[in-house]
Amino acid sequence: MSIQEFVAPHSLSEAKGLLSDGAIASVLAGGTDLLVGVRLGTRSPERVVDLKQIPELTAIHVDSESVQIGAAASAFSILHNSDVPSCFPGLAEALDLIGSTQIQGRCSAGGNLCNASPAADSIPALIANGAQCLITGPAGDHQMSVEDFVVGPSKNALKEGELLVALILPRPSPQTADAYLRLTPRTEMDIAVAGVGVSLTLDGNGTCTAARVSIGAVAPTALLVEAAGAALVGTQLEATAIEAAVAASREAACPISDKRGTAEYRTHVVGVLVARAVAQAQARIVEASS
Amino acid sequence: MNAYQEFSIIGSRPVRPDGLDKVTGRARYGADLNMQGQIYGHIVRSPHAHAVIQSIDCSQALAMEGVLAVMTGEDLPVPGDSVLGSGEGAIALKDLSPMVMSQGKVLFHAQAVAAVAATSPELAAQAAALIEVSYQVLPAVTDMHEALSAEAPILHEDRFPDGFPEEPTNLAAHISLEVGEPDAAFERADVVIEQTYSVPMCHQGYIEPHACVARVDAAGRVDLWCSTQGHFTVAQYTAALTGIDVGKVKVTASEIGGGFGGKTTVYLEPVAVVLAQKAGRPVKMVMDRGDVFRVTGPAPGAQTRVKLGAMRDGQLVAAEVECVMDTGAYNGNPAGIPAFMATACYKLTNARSTGRAVYTNKPKIHAYRAPSVPQVTLGVELAMTELAAELEMDPLAFRLKNAVEEGDANMMGAPYNRIGLRECLEVASAHAHYKAPVAEGEGRGVAAGYWINAGLQSSATLNVLSDGHLSILTGSPDIGGSRASMALMAAEVLGIPFEHIHPQIAATDAVGHCDVTGGSRTTLATGQAVIQAAEQCVAEMCRRAAAEWEVETGVVTWSQGAAHYGEHSLTFEALARRAGTMGGPLTFSSSLTASSAAPSFGVHICDAKVDKETGRTTITRYTVIQDAGKAIHPAYVEGQMQGGAAQGIGWALNEEYLYDENGALENPGFLDYRIPVASDLPFIDTVIVEVPNPLHPFGVKGVGEVPIVPPMPAVAEAVYRSAGVRLRDMPLNPPTIVAALQEG
Amino acid sequence: MNKPLNKMAVQATINGEQTAFLCSPGQVLAEVLRDEMELIGTKIGCNTGDCGACSVLVNDRLVCACLVLAAEVEGQAVQTIEGIAEGGVLHPVQQKLLEHAGLQCGICTPGVVVAAKALLEHNPNPTEEQARYWLAGNLCRCTGYDKIIRAVLDAAQQMREEAAA
């Protein structure tokens, strides 16, 4: 293997130093993308910087304002040792669909996001929930939305020496719920052929007052489909509204044909999933208020 | 004639003797052994699917510190026209050798062209990258239909099937069998259907990659450890491929992590041996998962045209089957079986069946569980179902009306002995699954299947130990619980406790010849050798008892683990303890070419639900009914039925080889070569039917292979009934189903 | 040529024993367990986390050892298949797999045992569906999973009965 050095810093400043001294370095969270890449020859860092000893990187914090998920926190700990699933069941569904139980024991939402596969499961769910990336680097800290963070297939917006520290999700307002659905040929263990993350807010009359629809695996990056959200806002989520959101999502999709599915199929299925995810989010809101 | 009619322990479910080691991680598989001083081999593989090797320069690799040997195809003898083995197992060396290493021409992507051995796997990989190979790249063809077209590049200028014009072609074989007058019979038929079906190239998908360690001593004797279904075959092939006398090759079989036919040949072993010989150090080689998919023999893809004719009353009168199979770069001989076995389940006096094989720039195909039969059976069984629908007959009733029975002849004219197809169909018809109403939105399919089952050669040696325990040595690697079956059979004959019996897989120098664990033959043939050796033991123990009691041998009987005459008895344990003074060591060997093999038939029932918006199929219920003759250890028979069904379901729904335009495999890994996972399947119910095999002392019939034969047509019919669209080309993955629904 | 060995010294608890080993920075845990510590029970089926044959527990967390760098387990507790049976007494999952014939070739079995043990510690009363989804990362090509799932559910029941008693 190319890896010549392994370091596990205990502080962010130490980590930042290790990422900006000229070494060909890669950060390590769960390793479920990095180590596969090293095995297949697509990644070749000389230095691996393990982030899991840095408290900010693994902490999961829920307060009345927001939910902060350390970028290196494992999916398993998010799912089973935190309150994130009760706040964002759709995000939890997305994390629960990544790989296997073994993969979830290691993989992180931050790593899934930074790896920026067009088919990554966490990204549509993060976008739908309006997640922000907390980034630190030589020039200090800043934030950006997840949809701005993924810039291309396997490309994120981190600059030289920068590090994703945490994901910040604003606490949803009342009568809000999210959902994530994806299509894979098998029930598990597949990369998404299409994925949809949705967040809806309804008022007391069942009218949609806010909606975010994000589609994945059907474009070079996951997309926030503003037109789909707009088609739902102000409606009772009746059939015509859903169809409009579905059409807008299919319009926004520009998938490729590859060994996992044809472009036609992906475009078709992403629409099916939008309708189903909207229905699921709606059902969650209705159930929570009954 | 079944010598044993009632059984005292056969048919029970004891814990297998090797089970403890396997649940605790102690069992040693191919990669789990290290030899002192070992170094590591790494193979250089062609980046081109079709090319001429112009030169190979190993000098830089050899100059690297830590590199102790290199080899190329020039280190292997030229295969010429030698043939290894005989009958169905025969293989031409020129089809086998290039699968180990090319000798000048590359005919599939990632074909081995050279190898290097160094003191660590990392060094070996680095050295391999320094081996310079120059290629003259040629156009490649991976689609078998394109390979038959006039413009296709020709893989073998020097080969053409018997009876064909002497022009180079990619047709590897053409075999046709005919009985009666099918054309005239079609004229008479009330209903004729004709359809074409297809199945993709697939892999056996064993979880354990190939692995071996080879040591060659100063006298040129080879000590080879490898994961294999047949270490005697490994010895024979390795010797032939390297030019070493087979008498100097000793092979020890490790535990094997799955084979399903894919480990009945060699890939790494001859390379490891040559490297070990050159380096003077043992060489360990473990195949990378990607290479397992890229270069080891997959199962052929096939296209099958089926024409069936029947009378209104449901009697089948004519059949015509033409199956074209993709054999990959060399001849894996897939075509004979479709010709011979396509119509095996049904009474047909007028039939024609043809098998053709085509060369393509892909690895040579190799055996995969009932080789070639699942491919042709998708067509025949789905056509039978479609014909039953046209006749408005229940699909099981239609099959029952035409099912072969004892005395009916197969396509080669040989009559069936006592077989169990009718019984399986009757059990299926009466089964709760079949009687249950089909759930809303779901569909149901049924299908039958056949596999011939092999006999072949087996040997066993039984050694009675001084404490009354028994050691059984065979040469049959234990893939699925066969040690337990051997112990059960010996326990049945001898009447001693199962726990006192220790079956072991002996190396090639320690037991008589054994053909591969495959062909559904191990319980039958190796078991028969065990039974015969156990019977010899009983005879000798009775003889010793008779001598002690001074009576005629003939009056001494054996039961409950002891010799008896009148009030006298001598237990197995006593005879064992006193062996030294009663005639000497109690050791018994038996070898045979089993002529007792009988075919197995199975019937499967599948319920499936298709999500018509996404095209995803869920198998909601599945039942396997199969004639096992006599189930020695029912749990392991059930296991074969369930495992084969799961493989067939995977082949029906998601498994396929996908090649890019350069002839490279796009999905060489478990992520995108999609075998079923635990959440994809329901419990698989099983019914073991027992129609004893009259040729075998216990009535055994092989069981391992036939379970993979019925699933594809059963699943395809269930999908049709659920989705409303008829699909005849596997796999039935979501994009395929949605596209068909949108068209229809 | 005297190249310095680029090895790290790692201290960890392996199957309850304080252990130290040397590893290269890029070596994965599966390789170190098998080659340095001769714990060959952890199997390598794919080396890319797709098959689960290399399943181990790190701090009681189920992971694929092929996707953990050996250096990461510094100060951590690792449990492999070799450590599942305690004092020679099989874990109920191991015992039930034997009784149900839930293994044929056995290559996936160590991974299945480790994964199932983790399942039952996480959820002592899994449904069939929950067991199947938890074990979806353990590929088996021999059994069709039927007898494996039956064995795991049976072990769960036995463990609940023992806990209640």
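Residues numbered from 1 in each chain as written. Chains lettered and ligands numbered in written order. Predicted model: local features only at pLDDT ≥ 70, side-chain atom pairs only at ≥ 80, totals over all residues. Heavy atoms only, no water.

Residue and element names in this part refer to chain B. Tallied over the full model, the rule gives eleven aromatic pairs over all chains. Taking 5.5 Å as the distance between ring centres and 85° as the angle between the ring planes, the aromatic pair formed by F7 and F698 counts as edge-to-face. In this pair, F7 is assigned in the segment before α1 (19-24) and F698 in the loop between β28 (684-689) and α20 (711-723), connecting sequence segments 691 residues apart. The exposure class assigned to F698 is buried, which follows from its relative accessible area of 2%. Site record: aromatic cluster; members linked through ring pairs are F293, Y657, Y659, F670 and Y673. Positioned above the aromatic ring of F186, the side-chain terminus of K307 is 4.4 Å from the ring centre. (Phe/Tyr/Trp six-rings, centres within 6.5 Å; stacked < 30°, edge-to-face > 60°. Helix = DSSP H or I, 4+ residues; strand = E, 2+ residues; numbered from the N terminus. Buried < 20%, exposed > 50% of the residue type's maximum accessible area, 1.4 Å probe, protein only. Lys NZ or Arg CZ within 6 Å of the ring centre and 35° of its normal.)

For the rest of this paragraph, the subject is the pairing of strand β2 (residues 17-23) of chain C. All names here are of chain C. Bridge count for strand β1 (residues 8-14) against β2 is seven bridges, and the pairing is antiparallel. Across the sheet, V10 pairs through a bridge with F21, a residue of β2. In sequence, β1 turns back onto β2 through a hairpin of two residues, with N15 there showing a positive phi of about 50°. (Pairing = 2+ DSSP bridges.)

This part is about the pairing of strand β20 (residues 470-474) of chain B. Residues and elements named next belong to chain B. Among the five residues that make up β20, five are buried, leaving the element largely enclosed by the rest of the structure. The alternating pattern of β20 places L470, I472 and T474 and S471 and L473 on opposite faces, both of which are buried. The pairing of strand β19 (residues 457-464) with β20 spans five bridges and is antiparallel. Pairing of L462 across the sheet is with I472, part of β20. Where β19 folds back onto β20 in an antiparallel hairpin, the turn is made up of five residues, including G468, whose phi is positive at roughly 90°. Direction of pairing for β20 relative to strand β21 (residues 501-505): parallel, over a ladder of five bridges. Bridged to T474 within β21 is I505. Taken together, β20, helix α15 (residues 482-494) and β21 constitute a β-α-β crossover, and its handedness is right-handed. (Right-handed = clockwise from strand over helix to strand, strands pointing away.)

Residue and element names in this part refer to chain B. All of the buried residues in helix α13 (residues 421-430) are L421, C424, L425 and A428. Projection of α13 onto a plane perpendicular to its axis shows the buried side chains occupying an angular sector of 100°, all on one side. Where α13 is buried, its residues meet α12 (395-402), α14 (432-435), β18 (442-451), β26 (600-611), β27 (616-627) and β28. (Arc of directions from axis to C-beta. Contact = heavy atoms within 4.5 Å.)

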